[in-house]
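Tertiary structure, described
Here's the letter readout for the chains.
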Amino acid sequence: MELPLGLGAAGVAVAVAAIVAVVVLLVVRELRSRGSRPGGARPGAAPAGRLDPRAEIALTHHARERMAQRGVGQRELERVVRMPERAVVDDRQGSIRLERDMGENALRVWVLPPWPSDRVVVKTTAWSYRRTTTIPRRDIGRVVGRGGERIRAIQASSAARVSVLPDGVVRISGDSQAAVDRALALVRAEVAGR
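Rules of the game
Residues numbered from 1 in each chain as written. Predicted model: local features only at pLDDT ≥ 70, side-chain atom pairs only at ≥ 80, totals over all residues. Heavy atoms only, no water. Buried < 20%, exposed > 50% of the residue type's maximum accessible area, 1.4 Å probe, protein only. Helix = DSSP H or I, 4+ residues; strand = E, 2+ residues; numbered from the N terminus. Arc of directions from axis to C-beta. Contact = heavy atoms within 4.5 Å. Core = buried A, V, L, I, M, F, W, Y, C linked by side-chain atoms within 4.5 Å. Phe/Tyr/Trp six-rings, centres within 6.5 Å; stacked < 30°, edge-to-face > 60°. Polar contact = N/O pair within 3.5 Å; in protein donor to acceptor, adjacent residues only side chain to side chain. Pairing = 2+ DSSP bridges.

Turning to helix 5 (residues 149-158), its buried residues are Ile 151, Ile 154 and Ser 158. Along helix 5, the residues classed as buried sweep out an arc of 55 degrees about the axis, all on the same side. When the buried face of helix 5 is taken as reference, the exposed residues oriented beyond 90 degrees from it are Glu 149 and Ala 156. Buried residues belonging to helix 5 abut helix 4 (140-144), strand 6 (160-164) and helix 6 (177-192). Among the residues trailing helix 5, Ala 159 stands out with phi positive, at a value near 65 degrees.

A few words now on the nonpolar core. Of all hydrophobic cores here, the largest spans 38 residues; its most connected members are Leu 77, Val 81, Trp 115 and Val 122. Examining the composition of this core, we find that six residues originate from one element, helix 6, more than from any other.

This part takes up the packing of aromatic side chains. Inspection of the entire model under this criterion finds one aromatic pair. Where Trp 127 meets Tyr 129, the ring centres are 6.5 Å apart and the plane angle is 40 degrees; that geometry is what we call tilted.

This part takes up unusual backbone geometry. Going from Pro 113 to Pro 114, the amide bond is cis rather than trans, its omega being 0 degrees. Position of Pro 114 among the secondary structure elements: in the loop between strand 4 (105-111) and strand 5 (119-134). Here Trp 115 and Pro 116 are connected by a cis peptide whose omega angle stands at -5 degrees. The phi torsion at Ala 159 lies on the positive side, around 65 degrees, for a residue other than glycine. Within the element layout of this structure, Ala 159 appears in the loop between helix 5 and strand 6.

Inspection of the secondary structure puts Thr 124 in strand 5. For Thr 124, the side chain forms a polar contact with the side chain of His 62, separated by 3.3 Å. Dropping the residues within four chain positions of it, Thr 124 is found in contact with His 62, Ala 63, Arg 66, Arg 70, Arg 108, Val 109 and Trp 110.

The next subject is the pairing of strand 5. Here strand 1 (residues 56-59) pairs with strand 5 via four bridges, running parallel. By the bridge assignment for strand 5, Ile 57 is matched with Val 120. Here strand 4 pairs with strand 5 via six bridges, running antiparallel. Opposite Trp 110, over in strand 5, you have Thr 124 as the bridge partner.

Function-wise, these values are silent; they only describe arrangement.
See the structure below:
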């Protein structure tokens, strides 16, 4: 039997495989857009809405400990939970991470889904410390290093995240002020040639 369009059996198999692959990709894309995640949101998407001002905010024992360790006040926590600037589904933690910028830094609060609701349970809190500086464009290569080796060493040594933009803006963020300060010192040392 001769196949239409002069395709052999191998050609038909390739065409069918391509069609199946496209259908699978479309189905996966649709499922992701519907969101079968905690709080009904897709990964990285903010759950809709704001918290009712009358909603109860409950703290786990762990959250109370972390607030004390990290210097997070009750008013700061309530401000983030009631009026977050960002809300992201955190599948790894099985929670929703709420964030709000507070000066140079950001306060992150993890809550159990669903959010918003009449009762919000706070799992933990953490500050995200940030710093931005600018270096001369001619020194970008020195800070980044061949294949990024220098910037990876700075990140490993400081426990902070560092990115250098093409215009010389350096963004540093970390879970502690000490990590951010260490990374900034290492970047400045590279620029100074030490």
